[in-house]
Amino acid sequence: MCKEMEFKALDKDGNEVMCEVLFTFTSEATGKDYIVYTDNSQDEDGNTKVYCSIYDPADPESDLIPVESEAEWYFIQQVLQEIQEEYERLM
């Protein structure tokens, strides 16, 4: 995997973890850019954990900004669901 598709982040305990960028997208509705990524850890059901944050594509060194509004999370969940359905349709 190319370096641009990975970055280091701190987990909730302050440990450094390597994260893999899955994709990015821009929302015309919110006017924000989002990055969807994983640290390849799994939840209790064995599903890979996926995260989403707001980011500045013009500044690769900028901090990720947490998504805090329920409306934004709903929108992001819709995007993720559409991508998963498209993937399943192609398989």
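The model shown is predicted, which means the values in this text are computed figures rather than measured ones.

Draft legend 1. Quick peek at the overall build of the protein chain. From N to C terminus, the protein chain includes one helix and five strands. Helices (α) and strands (β) of the protein chain occur, in sequence order from the N terminus, as β-β-β-β-β-α. Across its three principal directions, the C-alpha atoms of the protein chain cover 35 × 35 × 30 Å. When each of the 91 residues of the protein chain is scored for burial, the buried share is 20%. Expressed as a percentage of contacts within the protein chain between residues at least 6 apart in sequence, the contacts between residues at least 24 apart total 19%. Roughly 7,000 Å² of accessible area belongs to the protein chain as shown, and the carbon and sulfur atoms make up 48% of that amount. In the protein chain, which carries 6 positive and 23 negative side-chain charges, the distance between the mean positions of the two groups comes to 4 Å.

Draft legend 2. Representation of the pairing of strand β2 (residues 16–27) in the model. When strand β1 (residues 6–10) meets β2, the two strands line up antiparallel, connected through five bridges. Its bridge partner lying in β2, Ala9 is registered against Val17. Counted between consecutive antiparallel strands, the loop separating β1 from β2 contains five residues, among which Gly14 sits at a positive phi close to 85°. Bridge count for β2 against strand β3 (residues 32–38) is seven bridges, and the pairing is antiparallel. The residue bridging Ser27 from the neighbouring strand is Lys32, located in β3.

Draft legend 3. Here's a closer look at unusual backbone geometry. The backbone phi angle of Asn40 is positive, close to 60°, even though this residue is not glycine. Relative to the helices and strands, Asn40 resides in the loop between β3 and β4 (51–54).

Draft legend 4. Looking closely at the nonpolar core. Counting residues in each nonpolar core, the largest one holds eight residues, listed as Phe25, Tyr34, Val36, Cys52, Ile54, Val67, Ile76 and Val79. Broken down by secondary-structure element, the contributors of at least two residues to this core are β3, β4 and α1 (70–90). Excluding residues within four positions of it along the chain, Tyr34 makes contact with Phe23, Thr24, Phe25, Ser27, Cys52, Ser53, Ile54, Tyr55, Val67, Glu72 and Ile76. If you look at the next biggest cluster of nonpolar residues, it comprises five residues, including Phe7, Cys19, Val21 and Tyr37.

Draft legend 5. Molecular detail of the pattern of salt bridges. Per the counting criterion, the structure on display carries three salt bridges. Among the salt bridges present, the one from Lys8 reaches Glu16, with a minimum N-O distance of 3.8 Å. Accessibility classification places Lys8 together with Glu16 in one group, the exposed group. One salt bridge connects Lys32 with Glu72, and the closest N-O pair in it is separated by 3.3 Å.

How each quantity is defined
- Residues numbered from 1 in each chain as written.
- Predicted model: local features only at pLDDT ≥ 70, side-chain atom pairs only at ≥ 80, totals over all residues.
- Heavy atoms only, no water.
- Helix = DSSP H or I, 4+ residues; strand = E, 2+ residues; numbered from the N terminus.
- Buried < 20%, exposed > 50% of the residue type's maximum accessible area, 1.4 Å probe, protein only.
- Contact = heavy atoms within 4.5 Å.
- Areas by Shrake-Rupley, 256 points an atom, 1.4 Å probe, with all protein chains shown as cover.
- Lys, Arg positive; Asp, Glu negative; His and termini not counted.
- Charge placed at Lys NZ, Arg CZ, Asp CG, Glu CD.
- Pairing = 2+ DSSP bridges.
- Core = buried A, V, L, I, M, F, W, Y, C linked by side-chain atoms within 4.5 Å.
- Salt bridge = Lys/Arg side-chain N within 4 Å of Asp/Glu carboxyl O.

In short, geometric facts, not functional conclusions.
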